Amino acid sequence: MDMVPASAEPLLHPEQCQLRPSDHRRWWVLVAAALLLMLLVTVGPLHPMLFGVPQSEPVALILLTAAQEKGAVCLDGTPPGYHLQRGSGDGSSSWHIHLQGGGWCGTVNDCSNRRMSDLGSSKFMKPIQFTGAGILSSDHLQNPDFYNWNKAYVRYCDGASFSGDAEGQAEDGTILHFRGLRIYQAVIDELMEKGLANATQAILTGCSAGGLATFVHCDDFSARFSHKVSVKCLVDAGFILDVKDISGQRSFRSLYGGVVHLQNVRQVLPKDCLTNKEPTECFFPAELIKSIHTPMFIVNSGYDPAQI
Ligand SMILES: *[C@@H]1O[C@H](CO)[C@@H](O)[C@H](O)[C@H]1NC(C)=O
């Protein structure tokens, strides 16, 4: 069933959120999967004929090597990247851009450690598959509205929600690049050249740290298109609250304080907010949404463990 080649990274990362079906439906998927598994085990070698569901192919990473000269680089200085799957049929002029999530780094130490992973360096990034049950899936049955759209999955490797623009230094003296904002701009520029400029409808989505990036960039994304184009944004698990958690701490406030200052996030924050509030406060969705004009859909679980 899950014939994921060793070189490919399935899209459903345990630590990352995905645009999932409701719990209720997930149960049915699990039950169905268990039954199917039993059948496969029983029928054995016959299964490719009986259950020959088309596999979605791993989608290669496209590196933005040309953007390196604009300073659009991952934390470790390697080029950023994205995965592009072309649309087909009535989806061929519709575009779905997804900003990957994966937490934040607000200290030199954390950002330095991130360089050793695919969240800070393209050296570690692998192809992905557009599988699963979310709105990134290429499966018509799982994702009837968007399955055949052009899909770009933008890799997150800056640690500041595609919003920082600065440079730092690790303890061993190596340079840390905080260029999330340049990465976002360079990727969208390249996608515009690859057909996004002719989109008839487009949606920008993001999950967690990518969701926060979607709040930050929704309006400038939408501003790249003429008024005739339908542009919307969707944020999954990105409505981070500036409240005390069960430990009695404002953990996100202190994390974001580090991110905003270390990575120089200020320039993407709403001017109105900056006139009477601390930049760190202005990096929270409750402030960001005050100035967003583009239609936006917000999905946030009341039981998101990251926020309890
Ligand atoms: C947009 O469409 C026009 C007209 O069909 C075409 O000439 C142009 O190459 C397209 N641009 C992109 C970026 O695909």
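Whatever comes next refers back to the structure up there.
Read on for a plain summary of the structure. (Residues numbered from 1 in each chain as written. Predicted model: local features only at pLDDT ≥ 70, side-chain atom pairs only at ≥ 80, totals over all residues. Heavy atoms only, no water.)

A short note on the site of the ligand
(1) Moving on: Around the ligand, the surrounding shell consists of Met192, Glu193, Gly195 and Asn198.
(2) Moving on: Within the side chain of Asn198, a nitrogen or oxygen atom sits 2.2 Å from an oxygen atom of the ligand.
(3) Moving on: Protein chains bury 31% of the 370 Å² of accessible surface belonging to the ligand in isolation. (Near = heavy atom within 4 Å. Polar contact = N/O pair within 3.5 Å; in protein donor to acceptor, adjacent residues only side chain to side chain. Areas by Shrake-Rupley, 256 points an atom, 1.4 Å probe, with all protein chains shown as cover.)

Here we look at the state of the cysteines
(1) Moving on: Tallied over the entire structure, the rule returns four disulfides.
(2) Moving on: Paired through a disulfide, Cys74 and Cys157 show a sulfur-sulfur distance of 2.1 Å. What sets the handedness of the Cys74 and Cys157 disulfide is the S-S torsion sign, and at about -75° it is left-handed. On the criterion of sequence distance, the pair formed by Cys74 in the loop between strand 2 (62-63) and strand 3 (81-85) and Cys157 in the loop between strand 6 (150-154) and strand 7 (166-169) is long-range, its members being 83 residues apart. For the pair Cys74 and Cys157, one class covers both residues: buried. (Disulfide = S-S within 2.5 Å. Helix = DSSP H or I, 4+ residues; strand = E, 2+ residues; numbered from the N terminus. Buried < 20%, exposed > 50% of the residue type's maximum accessible area, 1.4 Å probe, protein only.)

Some remarks on the packing of aromatic side chains
(1) Moving on: A full pass over the atoms with the stated rule returns nine aromatic pairs.
(2) Moving on: On the numbers, 5.3 Å between centres and 70° between planes, the contact of Phe221 with Phe225 is edge-to-face. The same class applies to Phe221 and to Phe225, which are both buried.
(3) Moving on: Relative to Tyr256, the ring of Phe252 lies with its centre 5.8 Å away and its plane at 65°, an arrangement referred to as edge-to-face. Separated by four residues within a single helix, Phe252 and Tyr256 lie in helix 6 (residues 251-262), roughly one turn from each other. (Phe/Tyr/Trp six-rings, centres within 6.5 Å; stacked < 30°, edge-to-face > 60°.)

A word on the sheet that holds strand 6
(1) Moving on: If you walk across this open sheet you meet the seven strands as 2-3-6-4-9-10-11, and the pairing is mixed. Whereas interior strands pair on both sides, the edge strands pair on one side only; in this sheet they are strand 2 and strand 11 (296-299).
(2) Moving on: When strand 4 (residues 94-99) meets strand 9 (residues 201-207), the two strands line up parallel, connected through six bridges. Across the sheet, Trp95 pairs through a bridge with Ala202, a residue of strand 9.
(3) Moving on: Of the strands in this sheet, strand 4, strand 9, strand 10 (230-236) and strand 11 are in contact with helix 5 (residues 209-222), which crosses strand 9 at around 155°. (Pairing = 2+ DSSP bridges. Contact = heavy atoms within 4.5 Å. Axes fitted to C-alpha atoms, helices over the stretch in contact; angles between N-to-C directions.)

Some points on the pairing of strand 4
Strand residues, when the strand is regular, have side chains that alternate between the two faces of the sheet.
(1) Moving on: The buried count for strand 4 comes to six of six residues, which makes it a mostly enclosed element.
(2) Moving on: Residues Ser94, His96 and His98 point to one face of strand 4 and Trp95, Ile97 and Leu99 to the other, with burial holding for every one of them.
(3) Moving on: In the sheet, strand 4 pairs with strand 6 via five bridges, with the strands oriented parallel. Paired with His98 across the two strands is Tyr153, which belongs to strand 6.

A word on the side chain of Gln100
(1) Moving on: Here Gln100 lies in the loop between strand 4 and helix 3 (108-114).
(2) Moving on: Judged by relative accessible area, which is 1%, Gln100 ranks as buried.
(3) Moving on: In terms of polar contacts, Gln100 uses its side chain to reach the side chain of Arg155, at 3.2 Å.

Here's the deal with the nonpolar core
(1) Moving on: Judged by nonpolar contacts, the single largest core of 58 residues is most densely connected at Ile97, Trp104, Leu191, Leu196, Phe221, Phe225 and Phe283.
(2) Moving on: Element by element, the count of residues in this core is highest for helix 4 (residues 180-193), at eight residues.
(3) Moving on: Those residues in contact with Phe221 that sit more than four places away from it in its chain are Ile97, Tyr184, Ile188, Leu196, Ala202, Ile203, Leu204 and Val231.
(4) Moving on: Counting seven residues, the second largest nonpolar core, distinct from the first, contains Leu75, Cys105, Ala170 and Leu176. (Core = buried A, V, L, I, M, F, W, Y, C linked by side-chain atoms within 4.5 Å.)

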